[in-house]
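# Geometric and topological summary
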Amino acid sequence: MTVEHDAIAEVARRFAESIHAERTATLEALAAEREAAQRLLAALRREHERQTASAAGAFVAGLLIGAAVGVAAVALLNPRSGRDIRQTLVARASVTRQSFAERLRAAIAAGQRAATEREQELWREYRKRINESRQPPPTP
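Let me sum up the structure you'll find in this document. In every chain, residue numbers begin from 1 and rise along the written sequence. Note on the predicted model: pLDDT of at least 70 is required for a residue's local features to be given, and 80 or more for side-chain atom pairs to be given and counted; whole-chain, interface and lining totals, by contrast, use all residues. Only hydrogens and water are removed before side-chain values are computed, so all heavy atoms of the structure are retained for them.

### Side note on the overall build of the protein
How we decide: In this text, helices come from DSSP runs of H or I with a minimum length of four residues, and strands from runs of E with a minimum of two, each type numbered from the N-terminal end. Within these notes, the globule rule equals 2.2 Å times the number of residues to the 0.38 power, and the radius of gyration is based on C-alpha atoms. For the exposure calls, accessible area comes from a 1.4 Å probe over protein chains only, and a residue counts as buried if that area is under 20% of its type's maximum, exposed if over 50%, partly exposed in between. Here, Shrake-Rupley sampling with a 1.4 Å probe gives the accessible areas, and only protein chains in the shown set may cover a residue. When charges are counted, Lys and Arg contribute as positive and Asp and Glu as negative, whereas His and the chain ends are disregarded. Every charge is mapped onto a representative atom, which is NZ of Lys, CZ of Arg, CG of Asp or CD of Glu.
When you go through the protein residue by residue, the secondary structure sums to 2 helices and 0 strands. What you see for the protein is a C-alpha radius of gyration of 44 Å, clearly larger than the 14 Å of a compact globule of 140 residues, by over 25%. Projected onto its principal axes, the C-alpha positions of the protein cover 115 × 95 × 15 Å. For the protein, the proportion of its 140 residues judged to be buried stands at 0%. Carbon together with sulfur atoms contributes 63% to the accessible area of the protein, which is approximately 12,900 Å² in total. Treating the 22 positive side-chain charges of the protein as one cloud and the 17 negative ones as another, the clouds have centres 22 Å apart.

### Brief notes about the environment of proline 79
Relative to the assigned elements, proline 79 resides in the loop between helix 1 (2-77) and helix 2 (82-134). The spacing of proline 79 and alanine 114 is 35 residues in sequence and 50 Å in space, taken between C-alpha atoms.

### Brief notes about the packing of aromatic side chains
Going by this rule: Within 6.5 Å between ring centres, the rings of Phe, Tyr and Trp (the latter by its six-membered ring) count as paired, and their orientation is classed by plane angle as stacked under 30 degrees, edge-to-face over 60, tilted in between.
Under the counting rule described, the total for this entry stands at 1 aromatic pair. Ring plane angle 85° and centroid distance 5.7 Å describe the contact between tryptophan 123 and tyrosine 126, whose orientation is recorded as edge-to-face. One end of the pair is tryptophan 123 and the other is tyrosine 126, both in helix 2 and 3 residues apart, which spans about a single turn. Given the relative accessible area of 42%, tryptophan 123 is considered partly exposed.

### Some points on the environment of arginine 129
Structurally, arginine 129 can be placed in helix 2. For arginine 129, a relative accessible area of 55% gives the class exposed. Spatially, the C-alpha atom of arginine 129 lies 73 Å from that of alanine 58, the residues being 71 residues apart in sequence.

Listed below in structure tokens is the structure:
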């Protein structure tokens, strides 16, 4: 039995070593995969940042080019002089300012009228309740 026991112990030891070696290899493979995944994520982040910066630069360039083309088109196609345009803009701004002021005054006046009417209504209701409370209760 000692020989059999020794043989079984040897097989168990070899099996444990085999399992340990497999586990070690698996852990090393997982660590390598994790490191590769981290490198891939870092590369993807760098690429995303590069594309974002590139897109922002392209947007700003397009905006500036569009503004320049717009200014040139207005300058070339507008029959009026700069002085005429400025006077027109000032006049429009003045009319708009006056119109806004008139609308604001009208809105304030309407609000004041509504507040006064509501206040009078509340006073009437209050007086009515006071008078009702002063009257003696009806006798049965």
